[in-house]
Amino acid sequence: MFHSILTRTRNALKRFAERTEGSLSVETAIILPALCWVYVGSFVWFDAFRMQNVNLKATYTIADMISREYVGIDQTYFDGLENVYDYLTYGDHATQIRVSIIECTDECESDDARVLEVCWSKSTTGRETLDNTTLQSFSESIPLFHEGDALIMTETFMSYNPAFNVGLGHQVFKNAIFTRPRLSGQVKFLSADGDLDCYNND
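Source: prediction; values computed, not measured. (Residues numbered from 1 in each chain as written. Predicted model: local features only at pLDDT ≥ 70, side-chain atom pairs only at ≥ 80, totals over all residues. Heavy atoms only, no water.)

A.B. asks: Outline the overall build of the protein chain, listing residues and values.
C.D. replies: Within the protein chain one finds 4 helices and 4 strands. What you see in the protein chain, going N to C, is helices and strands ordered as α-α-α-β-β-α-β-β. For a compact globule of 202 residues, the expected C-alpha radius of gyration is about 17 Å, and the protein chain comes in at 28 Å, more than 25% above that figure. Projecting the C-alpha coordinates of the protein chain onto the three principal axes gives extents of approximately 95 × 40 × 25 Å. In the protein chain, which comprises 202 residues, the proportion classed as buried is 35%. For the protein chain, the exposed area adds up to about 12,700 Å²; of that, 55% sits on carbon and sulfur atoms. (Helix = DSSP H or I, 4+ residues; strand = E, 2+ residues; numbered from the N terminus. Rg over C-alpha atoms; globule rule 2.2 N^0.38 Å. Buried < 20%, exposed > 50% of the residue type's maximum accessible area, 1.4 Å probe, protein only. Areas by Shrake-Rupley, 256 points an atom, 1.4 Å probe, with all protein chains shown as cover.)

So, in structure tokens, the structure goes:
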């Protein structure tokens, strides 16, 4: 009896698999939401990757601009960097910038033993400046450089909210680019209270 039931079940499934008739409206109602979700999801994910790429290119541009300065930068220049960053990223998302000049003061040939210090750090509204304690969290990503040299650390932050909720929530795109001054020993910050620079590279 069990064999008979199994045979009938197998035959019924075979007939169902071989059937070619159907209802277009029912099939459309089943597949259309899935197609829409895939289309919208592809758009959101593509847009997120595109904005991440735009953000990275903008960070490289700003880092290159700072590396070419030889008379130092001031607050007006720094505020202008944010305007440039917003322009390069189309200004549709909240952005922040932090620029820090760092130096190595001891054991500069060793990744583990070297001593890194912040010469000066400036950031836009809502982002804390970099200090020696926070700098340690970047120690593994900071390249080796000689004692007496200065390194420009340019960080950008972009708050990205996808247009549709398809599994990709709010993102903060972060980039950190390290460059060496091209035309001077270091980039100083020109302030009314006194210039900020590195002790090893006056």
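A.B. asks: Tell me about the environment of Arg-98, and name the residues and values.
C.D. replies: Tracing the chain through its elements places Arg-98 in strand 1 (residues 95-106). Look at Arg-98 and you get buried, because its relative accessible area is 7%. At 2.7 Å, the side chain of Arg-98 forms a polar contact with the backbone oxygen of Glu-128. (Polar contact = N/O pair within 3.5 Å; in protein donor to acceptor, adjacent residues only side chain to side chain.)

A.B. asks: Talk me through the side chain of Thr-154; I want residue IDs and the actual numbers.
C.D. replies: Inspection of the secondary structure puts Thr-154 in strand 3 (residues 150-160). Excluding residues that lie within four positions of it along the chain, Thr-154 makes contacts with Thr-59, Ile-62, Ala-63, Ile-66, Arg-98, Asn-175, Ala-176 and Ile-177. (Contact = heavy atoms within 4.5 Å.)

A.B. asks: If you had to explain the state of the cysteines to someone new, which residues and values would you point to?
C.D. replies: Following the criterion strictly, the structure yields 2 disulfides and no others. Here Cys-104 engages in a disulfide with Cys-108; their sulfurs sit 2.2 Å apart. Here the disulfide of Cys-104 and Cys-108 is left-handed, its torsion about the S-S bond being about -115°. Cys-108 matches Cys-104 in its accessibility class, with the two residues each being buried. At a sulfur-sulfur separation of 1.9 Å, the disulfide partner of Cys-119 is Cys-198. Taking the sign of the torsion about the S-S bond as the criterion, the disulfide between Cys-119 and Cys-198, at about 105°, is right-handed. On the criterion of sequence distance, the pair formed by Cys-119 in strand 2 (residues 115-123) and Cys-198 in the segment after strand 4 (171-179) is long-range, its members being 79 residues apart. (Disulfide = S-S within 2.5 Å.)

A.B. asks: I'd like a rundown of the nonpolar core, residues and numbers included.
C.D. replies: Core analysis: the largest hydrophobic core is formed by 25 residues, its most contacted members being Ile-66, Leu-81, Ile-97, Val-99, Ile-101, Trp-120 and Val-187. Every element with two or more residues in this core is listed here: helix 2 (24-67), helix 3 (75-88), strand 1, strand 2 and strand 3. It is helix 2 that contributes the most residues to this core, 6 residues altogether. With residues near it in sequence (within four places) discarded, Ile-101 still touches Glu-117, Val-118, Cys-119, Trp-120, Ala-150, Leu-151, Ile-152, Val-187 and Cys-198. Judged by nonpolar contacts, the second largest core, of 12 residues, contains Leu-116, Leu-130, Ile-142 and Leu-151. (Core = buried A, V, L, I, M, F, W, Y, C linked by side-chain atoms within 4.5 Å.)

A.B. asks: Lay out the packing of aromatic side chains in plain terms, naming residues and giving numbers.
C.D. replies: Following the criterion strictly, the structure yields 3 aromatic pairs and no others. Pairing Trp-120 with Phe-189 gives two aromatic rings, centres 5.3 Å apart and planes at 50°, and the pair type is tilted. Linking Trp-120 in strand 2 with Phe-189 in the segment after strand 4, this pair joins segments that are 69 residues apart in sequence. Grouping residues by exposure puts Trp-120 and Phe-189 together as buried. Across from the ring centre of Phe-157, 3.6 Å away, lies the NZ or CZ of Arg-127, which sits over that ring. (Phe/Tyr/Trp six-rings, centres within 6.5 Å; stacked < 30°, edge-to-face > 60°. Lys NZ or Arg CZ within 6 Å of the ring centre and 35° of its normal.)

A.B. asks: Got a sec to walk through the environment of Glu-82? Specific residues and values, please.
C.D. replies: With respect to the helices, strands and loops of the structure, Glu-82 is situated in helix 3. For Glu-82, a relative accessible area of 24% puts it in the partly exposed group. Here the alpha-carbon distance between Glu-82 and Ile-97, two residues 15 residues apart in the chain, equals 6.6 Å. Excluding residues that lie within four positions of it along the chain, Glu-82 makes contacts with Thr-95, Ile-97 and Thr-124.

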